Amino acid sequence: MHLEKKQQNWFVFTLLLGTFTMSISQSALSTAYPTFMKYFNLPASTIAWLTTGFMLIMCVVMPLSPWLLNNIKFKNLYLSLLAIFLIGTIIIIWAPSFPIVMLGRLMEGFSVGVLFPSYQSVILEITPKERRGATMGTVGLVMGSALAVGPIVSGILLQVFNWQAIFAFFLILLTVVLVIATQTMVSPMKLKPSSFDFLSVFLSLGIIGLLYFINELPKQGGDLTLWVILIISLGLLYFFVQRQLHSEPPLLHLDILKVANFDLGVALTAISYMSLITITVIMPLYYQQIIGLSPLWSGLSLVPAAALLSWLNRRSGKMADRVGFKRVMLIGITLFIIGWGLLLVNPFTHNLWIAIIASMIIESGNAFVMMPATTLGANSLPNERIPHGSSIIATFRQIMGSTAVVIATVILGQSNFKGVFLFFLVLELLALYFALQIKDTKSNK
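This report concerns the structure included in the present document. (Residues numbered from 1 in each chain as written. Predicted model: local features only at pLDDT ≥ 70, side-chain atom pairs only at ≥ 80, totals over all residues. Heavy atoms only, no water.)

A separate point is the environment of Gln183. Mapped onto the secondary structure, Gln183 falls in helix α9 (residues 164-184). Separated by 172 residues in the primary sequence, Gln183 and Phe11 have C-alpha atoms spaced 9.3 Å apart. (Helix = DSSP H or I, 4+ residues; strand = E, 2+ residues; numbered from the N terminus.)

Packing of helix α6 (residues 74-93) against helix α7 (residues 98-126) leaves a shortest axis separation of 8 Å and a crossing angle of 155°. Between α6 and α7, the crossing angle belongs to the class labelled roughly antiparallel. Along this stretch, α6 crosses α7, giving a crossing that reads as left-handed. (Axes fitted to C-alpha atoms, helices over the stretch in contact; angles between N-to-C directions. Parallel < 35°, antiparallel > 145°, perpendicular 65-115°, else oblique. Left-handed = near helix turned anticlockwise from the far one by under 90°.)

This paragraph deals with a nonpolar patch on the surface. Together, Leu199, Phe202 and Leu205 line one region of the surface with nonpolar side chains, adding up to about 280 Å² of accessible area. Looking at the secondary structure, you find Leu205 in the loop between α10 (198-203) and α11 (206-220). Assessed through its relative accessible area of 39%, Leu205 is described here as partly exposed. (Patch = residues over 30% accessible without salt bridge, like charges linked within 9 Å, V, L, I, M, F, W, Y side chains within 5 Å. Areas by Shrake-Rupley, 256 points an atom, 1.4 Å probe, with all protein chains shown as cover. Salt bridge = Lys/Arg side-chain N within 4 Å of Asp/Glu carboxyl O. Buried < 20%, exposed > 50% of the residue type's maximum accessible area, 1.4 Å probe, protein only.)

So, on to the packing of aromatic side chains. For the structure on display, the rule yields 27 aromatic pairs. On the basis of an interplanar angle of 75° and a centroid distance of 6.5 Å, the ring pair of Tyr286 and Tyr287 is categorised as edge-to-face. Relative accessible area serves as the criterion here: at 4%, Tyr286 is assigned to the buried category. Ring pairs connect the aromatic residues Phe36, Tyr39, Phe40, Phe85, Phe98, Trp163, Phe167, Phe169 and Phe170, which therefore count as one cluster. (Phe/Tyr/Trp six-rings, centres within 6.5 Å; stacked < 30°, edge-to-face > 60°.)

To continue, consider the environment of Lys318. Here Lys318 lies in helix α15 (residues 303-323). As for Lys318 and Leu115, which are separated by 203 residues in sequence, their C-alpha atoms are 25 Å apart. Once residues lying within four places of it in the same chain are set aside, the contact partners of Lys318 are Gly133 and Ala134. (Contact = heavy atoms within 4.5 Å.)

So, on to the side chain of Thr269. The residue Thr269 is located in helix α13 (residues 262-291) in this model. Here Thr374 takes part through its side chain, which lies 3.2 Å from a polar atom of the side chain of Thr269. If sequence neighbours within four positions are ignored, Thr269 has contacts with Met370, Ala373, Thr374, Ile393 and Arg397. (Polar contact = N/O pair within 3.5 Å; in protein donor to acceptor, adjacent residues only side chain to side chain.)

Quick look at the structure:
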């Protein structure tokens, strides 16, 4: 479906505004944990499920997005996801107990999990290959800045209001988006109806078990039940993979992982996201424990890095369109190595400005790697496989992001920040090896 320029601009604006707002909800609650603990009289481990549960449901529904895009008009799908998120948010605001809050939170996670790969697929579909780098740079701006903005927004709101204000913010903004979307949203992709594979969906629940294991391992590593969950989850995922490789049509075309450049694109976007999410989690702790900042100022100290990431994303995408994706990603990985190296060898550990500069360098690296790697992977696929590619990238990225946080937390222990910095420096050296294997492309050729 061809869209006029003005129509496409409004379509993309509405899509990204809704996605940005919903993305903020992924990281916004970490700042509010102490408030929730006091309000519900619950320990931090229980309150953490507001983020963990959100992430689990988000990951398990990501593989559904290709089927939904093929069977439901995109306008109807987008409006439905907004409505589900809004209903979940209203439930949270008026919830009389923590389990009801969790119900609303899971509804929010469902909407975000379906939307993340879907909106990338649609934007790639309507954008010519020669402009995909710049367009996906804008997508990266939304994803990267939303992750960093979440704790900042919640921190500011909690200074003045109660915790319900965080969700009231989502409610007001997304209600506006819903109204605009009824006028600007279209369905640019052709439907390709197919039957729903319930067995594959059941087998994909292994993703929840795997992520649960990853998140709980630092807390209860020796618990036998936890290891049983891992074994069952891996078994489910094994049969899920086999079913996708041998059924026609599959719920998710995993065979595209054999496509040259796509496999490396998946690996690089995941490694880049691992560094980004670790910075947003670890650096506030560093600012508080090592430098001695308050929680509010530790959140605000992320603003320079987030602002630079937002400014660079679209520019790195345009650069990729001009000079090729490999060169751009090598620039980004070099920045990653410099940033983590600076944190590791920094002799002035109590200097706030050096820590902020290092964070800015690392997040700059993300601007040159994550979305260019995603776009490179998409360009290596035929258009009809792009929804499957977006779903695979989004799911894998989320799983590896969760793994990164757990690894960083385990290594950190009692303030072992140097160990965390060393691990991610080594990880980026692995990313450098992957980037050197990529077949260079210029999307305008």
